Amino acid sequence: MTQIATDSTVGVQSLGSISVESLKRVGPKVAERLARLGIQSVQDVLFHLPVRYQDRTRLISIADLRPGVEALIEGEILGAEIAMGRRRSLKVWLGDSVGSLVMLRFFHFSTQQAASLKTGARLRCYSEVRQGPTELEMIHPEYRLREGEDDPADARLTPIYPSTEGLQQAAWRGLTEQALALMAQLSPLELLPGETLAHLGLPSLAEALRYLHHPPLEASLEELLERRHPAFVRLAFEELVAHQVSLRRMRLTQRQIAAPLLAGDGRLRGRLRAGLPFALTAAQERVVGEIASDLMQPRPMQRLLQGDVGAGKTVVAALAALQALEAGFQVALMAPTELLSEQHLRSLDGWLQPLGVVPLWLAGRHKGRERSQRLEAIASGAARLVVGTHALFQDEVVFRDLGLVVVDEQHRFGVHQRMKLREKGERSGVAPHQLIMTATPIPRSLAMTFYADLDLSIIDTLPPGRTPITTVAVPDTRRDEVIERVMCACTQGRQAYWVCTLIEESEALECQAAEDTARQLTEGLPGLRVGLVHGRLKASERDAVMAQFATGALDLLVATTVIEVGVDVPNASLMIIENPERLGLAQLHQLRGRVGRGLIESHCLLLYHAPLSQIAHERLGILRSTTSGFEIAERDLAIRGAGEVLGTRQTGSIQFKIADPLRDQHLLTAAQHAADRILSVHPDVAEPLIARWLGAREGYGQV
Ligand code: ADP
Ligand code: MG
């Protein structure tokens, strides 16, 4: 069994406390370059793994060369010339005994170098092979003139390290040689419990590091490159465990804080339910129950509520809010944008006014006296339910007795914001409960990695009565047909959306595009009533247009992506999305959720601009093949990776050095078990493990 050593037992001799400057050929300059990559200690050098390997162990015959492959070759120079052309270059033809040929091409060369590469000389080269215009080529190969006969190929795969300016591969090899030699004397801190490693059949840390820096001759290059080798898995696993330990510790600490008991007598909730025009679905009832029992605990709820677009999360949030209000506590509801917060305000207003609950809206537009009055109402407790953006958590906003925070659209908030929220709500050791809602279903593997500090509730079925949406992709060369289609639907009494998209950064351009489109469509669709909404309109103007569309006074609504959330018009059964290739799958899915809300069969036309990239093509294909948000998220993840799916802001706070939550998802359950085991049986390992993998990254994982 592997012994668990901690810093205190190994003391100053641990590899983590030996500075890189103690290595040979590391002066202040090199040390500074290494520091740029976060490398300060010998242990850091060991954890700086090769990105790939070169196989210089075998000579490949020139006849066997294939484009795209890196190879070590040897041959005789059959001819050389300096070509003047557009760019001066030195061409050298290298051949073997059976007449195969490859051209070496140099763009930068000295006169001396050109002179040394003369016909008849023997050369050994290493480089990637490319298909040139007439023959195979190697551009700027590494080469060596051969003199003697005996020159064996390398005995090992050559590691290639990620580097920074001024640090050559040879320098890296020198550093790791020395670090490995030190490691042989002082083995690195083994932090994973021996029983865990044995159970998973993973090597010790020292074995894994040695293997990855010095793969033996028989190592499978493929296994190494695909990062499937146990040595690699061992390190990725350790990193996942470190993250789990960190998130769990955060969660445990959180659970030690007191929270108000929000029992409530059901008075308001009963009245809301009685007034609803529908009954809750079984899935909604289940999550309402999960939340209700959390709120009755003396510890703060930390719950993530996932539900597809239109799954009915708002009513669930309203019931949770009423439970807190019944118990005499304030509630804050936050959305990522002001527009979204306004939409929440409207739906809550409709449901809650009859119960005598008046939500207070706090937005950026509230200035001066209006603002101070609102802040005063929040501080005095006169405002019971406050709706706003995350600006609600600025210092100037002080709640009197905040019991519950509801955050909508979690995908825009990262771990950092979650933690800030927790801190903000905390008052003299009492923290509010938190409900976080997202319409971007998070694939299970990601949820396990990024939300290990949260409990999960899922609304997995849509309310009854929804008809599936048919989605097709149409090139914009067929725009006229699409316009015809709009005409046809609207003359049959249906309504349609036309969504204009532009690159997100420029709201002004997007609004301009929407205005132009609305004008063209008004001309192209005589007799139809066309409305326009975009982010630059005043709220009152936007409201008026939306209301007209909702009552059927408009046939076609041209809009920017502002209609992503909140519009609910069951008679609208056709949606055109222009340039869908510019949007993320989750956003497209959200937009599409605006149709298919009634009994009529709905259609979504993705009006794309050809040619589509391979990825864009695949993504639109996914959207056509399914309407399940969960499936879309899973498949989007497979194509784009975690960073894209969750948004960079989100993953920006959790960056993995080695692990990849998608590739390594099969390790996640084991990583969770190992994290539990460490926290319960080997708690002294938690700190060094977090320090090794998460370092001093601010806030995250720190208690
Ligand atoms: P989301 O989960 O996307 O926030 P909403 O809460 O906006 O979804 O709900 C979408 C629509 O479905 C709303 O019009 C809402 O009133 C309605 N709705 C919610 N729950 C039910 C239900 N159980 N039966 C029928 N309609 C429902
Ligand atoms: Mg919603």
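Residues numbered from 1 in each chain as written. Chains lettered and ligands numbered in written order. Predicted model: local features only at pLDDT ≥ 70, side-chain atom pairs only at ≥ 80, totals over all residues. Heavy atoms only, no water.

Engineer: If you had to explain the sheet that holds strand E9 (residues 302–307) to someone new, which residues and values would you point to?
Structural biologist: In space, the seven strands of this open sheet follow the order E11-E12-E10-E13-E14-E9-E15, with parallel pairing throughout. Edge positions in the open sheet fall to strand E11 (360–362) and strand E15 (455–459), since each of these has one partner strand only. Neighbour-to-neighbour, the strand axes of this sheet turn through a mean angle of 20°, independent of strand direction. Judged from the five bridges that link them, strand E13 (residues 402–408) and strand E14 (residues 433–438) form a sheet pairing that is parallel. (Pairing = 2+ DSSP bridges. Helix = DSSP H or I, 4+ residues; strand = E, 2+ residues; numbered from the N terminus. Axes fitted to C-alpha atoms, helices over the stretch in contact; angles between N-to-C directions.)

Engineer: Just give me the short version of the site of ligand 1, but keep the residues and values in it.
Structural biologist: Around ligand 1, 16 residues are found, and the nearest of them are Gln 284, Gly 310, Lys 313, Thr 314 and Asp 568. Within the contact set of ligand 1, an oxygen atom lies 2.6 Å away from a side-chain nitrogen or oxygen of Thr 314. In isolation ligand 1 exposes 560 Å². Once the protein is present, 79% of that is buried. Counted by class, the shell around ligand 1 contains six nonpolar, five polar and five charged residues. (Near = heavy atom within 4 Å. Polar contact = N/O pair within 3.5 Å; in protein donor to acceptor, adjacent residues only side chain to side chain. Areas by Shrake-Rupley, 256 points an atom, 1.4 Å probe, with all protein chains shown as cover. Nonpolar A, V, L, I, M, F, W, Y, C, P; charged D, E, K, R; others polar.)

Engineer: Pulling in residues and values, what's your account of the pattern of salt bridges?
Structural biologist: In this structure the tally under the stated criterion is 32 salt bridges. For Glu 177, the salt bridge is made with Arg 156, and the minimal N-O distance between the two is 3.9 Å. Placement of the pair is Glu 177 in helix H5 (residues 169–185) and Arg 156 in the loop between strand E7 (142–145) and strand E8 (158–160), with a sequence separation of 21 residues. Of the residues examined, Glu 177 reaches a relative accessible area of 38% and is grouped as partly exposed. The salt bridge involving Asp 555 is made with Arg 529; its shortest N-O contact spans 2.9 Å. You can see Asp 555 sitting in the loop between helix H19 (539–551) and strand E19 (556–559) and its partner Arg 529 sitting in the loop between helix H18 (507–524) and strand E18 (530–533), a full 26 residues away along the chain. (Salt bridge = Lys/Arg side-chain N within 4 Å of Asp/Glu carboxyl O. Buried < 20%, exposed > 50% of the residue type's maximum accessible area, 1.4 Å probe, protein only.)

Engineer: Mind laying out the sheet that holds E19, listing which residues take part and the relevant values?
Structural biologist: The sheet built from six strands is open, its strands ordered E16-E21-E20-E17-E19-E18 with parallel pairing. Two strands close off the open sheet at either side, each with one partner strand: strand E16 (469–475) and E18. Geometrically, the sheet is characterised by an average inter-axis angle of 20° between neighbouring strands, direction not taken into account. With five bridges joining them, strand E20 (residues 572–578) and strand E21 (residues 602–608) adopt parallel strand pairing. When the bridges of E21 are listed, Leu 574 appears paired with His 603. Against the sheet, helix H20 (residues 585–592) contacts E16, strand E17 (495–499), E20 and E21, and its axis sits at roughly 150° relative to E20. (Contact = heavy atoms within 4.5 Å.)

Engineer: Can you explain the packing of aromatic side chains? Please cite residues and give values.
Structural biologist: Here the structure, examined in full by the defined rule, presents four aromatic pairs. Where Phe 47 meets Trp 693, the ring centres are 5.3 Å apart and the plane angle is 85°; that geometry is what we call edge-to-face. Taken together, the residues span a long stretch of sequence, with Phe 47 in helix H3 (residues 42–47) and Trp 693 in helix H26 (residues 686–694) at a distance of 646 residues. Look at Trp 693 and you get buried, because its relative accessible area is 1%. Taken together, a centroid distance of 5.9 Å and an interplanar angle of 25° make the contact between Tyr 161 and Trp 172 stacked. Of this pair, Tyr 161 sits in the loop between E8 and H5 while Trp 172 sits in helix H5, and the two are 11 residues apart along the sequence. This pair shows no difference in class: Tyr 161 is buried, exactly as Trp 172 is. (Phe/Tyr/Trp six-rings, centres within 6.5 Å; stacked < 30°, edge-to-face > 60°.)

Engineer: So, the state of the cysteines: which residues are in play, and what are the values?
Structural biologist: Counting across every chain of the model gives zero disulfides. Between Cys 604, a free cysteine, and Cys 500, which holds the nearest cysteine sulfur, the sulfur-to-sulfur gap is 14 Å. According to the relative accessible area criterion, Cys 604 is buried, its value standing at 0%. (Disulfide = S-S within 2.5 Å.)

Engineer: Before we move on, can you summarise the packing of H5 against helix H7 (residues 205–213) with the specific residues and values?
Structural biologist: The contact between H5 and H7 brings their axes to 11 Å, and the two run at 155°. By the angle class used here, H5 and H7 are roughly antiparallel. Pair H5 / H7 crosses with left-handed handedness. Of H7, the residues touching H5 (which contributes Thr 176, Leu 180 and Met 183) are Ala 206, Leu 209, Arg 210 and His 213. A class-by-class count of the residues in the contact of H5 with H7 yields four nonpolar, two polar and one charged. (Parallel < 35°, antiparallel > 145°, perpendicular 65-115°, else oblique. Left-handed = near helix turned anticlockwise from the far one by under 90°.)

Engineer: Outline the pairing of strand E10 (residues 330–334), supporting the account with residue identities and numerical values.
Structural biologist: Counting buried residues along E10, five of its five residues qualify, which places the element largely inside the surrounding structure. As paired elements, E10 and E13 share five bridges and run parallel to each other. Bridging across to E13, Leu 333 finds its partner in Val 406. Pairing geometry for E10 and strand E12 (residues 385–388), over four bridges, is parallel. Within E12, the residue paired with Ala 332 across the bridge is Val 386.

Engineer: Give a detailed account of helix H13 (residues 338–352), specifying residues and quantitative values.
Structural biologist: Helix length check: H13 (15 residues) gives 20 Å between terminal C-alpha atoms against 21 Å at 1.5 Å per residue, within 8%. Buried within H13 we find Leu 339, Leu 340, Ser 341, Glu 342, Gln 343, His 344, Leu 345, Leu 348 and Leu 352. Turning to H13, the residues buried within the fold contact helix H12 (313–326), E10, E11, E12, E13 and H19. (Expected span 1.5 Å × (residues − 1).)

Engineer: Give a description of H5 that names residues and reports values.
Structural biologist: Look at H5: 25 Å from first C-alpha to last across 17 residues, which is about the 24 Å you get at 1.5 Å a residue. Along H5, the positions that sit buried rather than exposed are Gln 169, Trp 172, Gly 174, Leu 175, Thr 176, Gln 178, Ala 179, Leu 180 and Met 183. Where H5 is buried, its residues contact helix H2 (28–36), H3, E8 and H7.

Engineer: Explain the environment of Ala 638 residue by residue, including any values.
Structural biologist: For Ala 638, the position within the fold is in helix H22 (residues 629–640). Of the residues examined, Ala 638 reaches a relative accessible area of 54% and is grouped as exposed. C-alpha separation for the pair Ala 638 and Glu 510, spaced 128 residues apart in sequence, amounts to 30 Å.

Engineer: Could you give an account of the side chain of His 344, naming the residues involved and the relevant values?
Structural biologist: Following the sequence through the fold, His 344 ends up in helix H13. Residue classification places His 344 among the buried positions, given a relative accessible area of 8%. Engagement of the side chain of His 344 in a polar contact is seen with the side chain of Asp 408, the distance being 2.5 Å. Apart from the residues within four sequence positions on either side, His 344 is in contact with Thr 314, Leu 333, Ala 335, Val 387 and Asp 408.

Engineer: I'd like a description of the nonpolar core, backed by residues and values.
Structural biologist: Among the nonpolar cores identified, the biggest contains 88 residues, and Leu 34, Leu 235, Phe 237, Val 241 and Leu 689 are the most heavily contacted of them. Ranked by residue count, the leading element in this core is helix H9 (residues 230–255), at 10 residues. Among residues more than four places away in sequence, those in contact with Leu 34 are Val 20, Val 26, Ile 39, Leu 167, Trp 172 and Leu 175. Core analysis: the second largest hydrophobic core is formed by 39 residues, Val 331, Val 357, Leu 385 and Val 387 among them. (Core = buried A, V, L, I, M, F, W, Y, C linked by side-chain atoms within 4.5 Å.)

Engineer: Tell me about the packing of H9 against H26, and name the residues and values.
Structural biologist: Packing of H9 against H26 leaves a shortest axis separation of 9 Å and a crossing angle of 115°. Seen along the crossing, H9 lies across H26 with a hand that is left-handed. Where H9 approaches H26, its residues Leu 235, Glu 238, Glu 239, Val 241, Ala 242, His 243, Val 245, Ser 246 and Arg 249 are matched on the opposing element by Ala 686, Glu 687, Leu 689, Ile 690, Arg 692, Trp 693 and Leu 694. Classifying every residue of the contact of H9 with H26 gives nine nonpolar, two polar and five charged.

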